[in-house]
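Secondary and tertiary structure notes
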Amino acid sequence: MSVLLIAEHNNKELRPFTFNAITAASQIDTDLHVILIGDNCEDVAKSLSKISLVKKVLHVEAKYYANFLAENFAPLVVKVSENYSHIVCSANTFGKNLMPRISALLDISQVSDIIKVISPDTFLRPIYAGNALVTVKSTDKKKCITIRPTSFDPCELSGGSSPIEKIEATNEFSSSKFIKREEVKSDRPELGTARVVISGGRGMQSGDNFKLINAIADKLNAAIGASRAAVDAGYISNEHQVGQTGKVVVPDLYIAVGISGAIQHLAGMKESKIIVAINKDGEAPIFSVADYGLEADLFEALPQFLEELNKLNTIQK
Amino acid sequence: MKILVAVKRVIDYNVQIRVKEDGSGIVTENVKMSSNPPDDNAIEEAVKIKESGKATEVVIVTVGEEKAQETVRKALAVGADRGIHVKADGVIEPLAVAKILKKIVDKEKPDLIFMGKQAIDDDCNQTGQMLSALLNWPQATFASKIEIKDKKLEVIREIDEGLETIEVHIPVIVTCDLRLNEPRYASLPNIMKAKKKPMETLNASDLDVDITPRVQQIKIEEPPKRKAGVKVANVAELVQKLKNEAKVI
């Protein structure tokens, strides 16, 4: 039996976590098919068919698929699910919203947010904000799985030429309507996939003070993160939140500035390769996970940090 | 309009959990329990809507062991009207909870169902979406703002890219984000009064729902620990170490 992955995209291109999800899904079974549901997304279908790990692309279009409402997507995925042993997508807000709706319609107990494929029915997943890992075995005949994208490498984007099969749309769900999406456009790398992330917490004291962080982010080509406290206080918008109920990031370098390090925040960043903490409270729990800790007033340390970076001949991008 | 709020009792969010040595689970003996944090936002929103005159009754439901009643009582103490406790022991998977809740919905016929977007113990993020699938209702997940507009809700959802606004017809399920509102605390007189509010107790086994777990927990373990790092004396040393030792900049 084959694995069906639901592609995440914006009708123009694939969203980057689809590449991580393809890697994960191919570890379950190499006969991997990808379903692309959208509107006017021909180019996305073509880019999927070029990915060597993808064996077949199912492509379906309708006006009401343009904005990814789970109420419209779920019945369609259920309809095509018959030939598949596993249905997979990313455990980000796209997949978290969608997969349980599919799973319940198929009477399957979903396995959420896996970080490792142990065998086609056995997976490793974090619970309690990553403070425990549980090995689970699904006994349902068919399985619905969401994968934690940052736990799998992105796949190769070329080398394939799989067939694209057009399929029929299912009916529109009339009781839900998309109104608008407010995306913050930024030239910075995406938080979820950035090589370097610099995050601010309550210690930043105001939204205006994030300019100190922005200056360093510019220098390091970093994405900007935040603790829940900073988002709740209105210093920065929600899509920057790192943590148990926000985003999980695994950059090469994570710099936590004025963040105390509540377990809910650590859940979103403690797998980072190198962690730096800058905090004036030497007892802050963030220091227990930091490779390099600097006990200092961030309002003095950040300008110095920028100055030191300016002295370097080269900086990795 | 009637609002049903589903709540869960979990280990308090401030507790550093411990894994049992034999790998069979998490230590829960003598551990502080609380209501699941985003469920408090769901309760608050329901009570606020009732206070604004747009709803007539707020009913709280929970599925779980005997002590899960405490979580319902807490909701009654901040303004909910009555509670339903569906008794069930052991691991109840989100799909089973959704099936139990569907039975309650069939009987109570609420117009709105609120719950937290995710439970902070199993971190599944499934129950609301599953219940809406079983009921064939619209779903508004990860809500940070709700506005009632006649027979519809306009909901702002927190998504990875930013914010999304959707319009959903009532009846609808909303799963609540932590930024939806600021949950209130119960006053002592209200805690006393809540003890007299009606609480219905049911057994999951009487509801004709199969709640047998479908996902076996083979082993629970602690994640690998990070090795302790070093404190640096100043910014110059930090940048040197990042450049020459860690080689990340």
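As a reminder, the structure under discussion sits directly above these lines.
Overview of the structure. The residue numbers shown here count from 1 along each chain, following its written sequence. All chains are assigned letters beginning with A, and all ligands numbers beginning with 1, in the order in which they are written. Selection of residues for local features in this predicted model requires a pLDDT of at least 70, selection of side-chain atom pairs for listing and counting requires 80 or more, and totals for whole chains, interfaces and linings are taken over all residues. Each side-chain value is worked out from all heavy atoms of the structure, with water and hydrogens disregarded.

1. Describing the sheet that holds strand β4 (residues 57-64) of chain B
Pairing in this open sheet of 10 strands is mixed, and the strands run β11(A)-β9(B)-β8(B)-β7(B)-β10(B)-β6(B)-β1(B)-β4(B)-β5(B)-β11(B) from one edge to the other. Pairing within the sheet leaves two strands with one partner each, and these edge strands are β11 (176-183) of chain A together with β11 (199-203) of chain B. Across the sheet, the mean angle from the axis of one strand to that of its neighbour is 25°, orientation sign disregarded. The criterion used for residue contact is that any of the two residues' heavy atoms lie within 4.5 Å. To obtain each axis, a line is fitted to C-alpha atoms, and for helices this fit is confined to the stretch in contact; angles are then taken between N-to-C directions over 0 to 180 degrees. What counts as a helix is a DSSP run of H or I of at least four residues, what counts as a strand is a run of E of at least two, and both are numbered from the N terminus. Each of β7 (139-149) and β8 (152-159) of chain B is contacted by helix α4 (residues 93-105) of chain A, which is oriented at about 90° to β7 of chain B, the strand it contacts most. Pairing between two strands requires that DSSP report at least two bridges joining them.

2. Digging into the environment of P251 of chain A
All names here are of chain A. As for its position among the elements, P251 is in the loop between α6 (228-232) and β14 (253-257). Each C-alpha atom of the pair P251 and A222 lies 9.6 Å from the other, and the pair is 29 residues apart in sequence. Excluding anything up to four places from it in sequence, P251 contacts A194, R195, V196, V197, S272 and K273.

3. Notes on the side chain of Q241 of chain A
Mapped onto the fold, Q241 of chain A is located in the loop between α6 and β14. Using a relative accessible area of 4% as the deciding quantity, one classes Q241 of chain A as buried. Any pair of N or O atoms that falls within 3.5 Å is considered a polar contact. Within protein, one atom must be able to donate a hydrogen and the other to accept it, and sequence-neighbouring residues count only if both atoms are side-chain atoms. Of the polar contacts made by the side chain of Q241 of chain A, one reaches the side chain of R179 of chain B; its length is 2.6 Å. Look past the residues within four positions of Q241 of chain A in its chain and what remains in contact with it is A226, S227, R228, V231, G246 and K247 of chain A together with R179 of chain B. Think of it in three bands: with a 1.4 Å probe and only protein chains considered, a residue is buried below 20% of the maximum accessible area for its type, exposed above 50%, and partly exposed in between.

4. Points about the interface of chain A and chain B
Interface size is commonly expressed as the accessible surface area that is lost when the partners come together. Counting residues at the interface gives 89 residues for chain A, matched by 74 residues for chain B. For the pairing of chain A and chain B, the buried interface totals around 7,300 Å² over both sides, and the portion due to carbon and sulfur atoms is 54%. Any Lys or Arg side-chain nitrogen located within 4 Å of an Asp or Glu carboxyl oxygen qualifies as a salt bridge. Run the count over chain A and chain B and you get 9 salt bridges. With its nearest N and O atoms 3.1 Å apart, the salt bridge here joins E164 of chain B to R181 of chain A. For the pair chain A and chain B, the interface holds 53 residue pairs in polar contact (both at pLDDT 80 or more). In terms of residue class, the side of chain A that touches chain B is built from 37 nonpolar, 26 polar and 26 charged. The term buried area means the drop in 1.4 Å probe accessible area that two parts suffer when joined, counted for both and summed. Gly is placed with the polar residues, together with every amino acid not listed as nonpolar (Ala, Val, Leu, Ile, Met, Phe, Trp, Tyr, Cys and Pro) or charged (Asp, Glu, Lys and Arg).

5. Digging into a nonpolar patch on the surface
Patch membership is restricted to residues that have no salt bridge and whose relative accessible area is over 30%. Joining uses 9 Å for like charges and 5 Å for the nonpolar side chains Val, Leu, Ile, Met, Phe, Trp and Tyr. What sets the accessible areas is the Shrake-Rupley method with a 1.4 Å probe; for residues, cover comes only from the shown protein chains. On the surface, a nonpolar cluster with roughly 290 Å² of combined accessible area is contributed by L188, I191 and M192 of chain B. With respect to the helices, strands and loops of the structure, I191 of chain B is situated in helix α5 (residues 188-194).

6. So, unusual backbone geometry
Where the residue is not glycine, phi is negative for most of them; where a peptide bond is considered, it is trans in most cases. Residue and element names in this part refer to chain B. Cis geometry marks the peptide bond from I170 to P171, where omega comes out at 5°. Note on placement: P171 falls in the loop between β9 (162-169) and β10 (172-176). Phi at K109 takes a positive value of approximately 50°, unusual for a residue other than glycine. Looking at the element boundaries, K109 is found in the loop between α3 (94-108) and β6 (112-116). Not every positive phi belongs to a glycine, and D123 is a case in point at roughly 50°. By secondary structure assignment, the location of D123 is in the loop between β6 and α4 (127-135). On the accessibility criterion, D123 (11% relative accessible area) is buried.

7. Description of the packing of helix α8 (residues 298-311) of chain A against helix α6 (residues 235-245) of chain B
Look at α8 of chain A against α6 of chain B: their axes get within 9 Å of each other, and the N-to-C directions meet at 45°. Classified by the interaxial angle, the pair formed by α8 of chain A and α6 of chain B is oblique. Like other packed secondary-structure pairs, α8 of chain A and α6 of chain B cross with a definite hand, here right-handed. Contacts from A301, Q304, F305, E308 and L309 of chain A of α8 of chain A reach α6 of chain B at V235, A236, V239 and L242 of chain B. An angle counts as roughly parallel when it lies under 35 degrees, as roughly antiparallel when it exceeds 145, as roughly perpendicular when it falls between 65 and 115, and as oblique in every other case. Crossing handedness follows the turn of the near helix against the far one: under a right angle anticlockwise gives a left-handed crossing, and clockwise gives a right-handed one.

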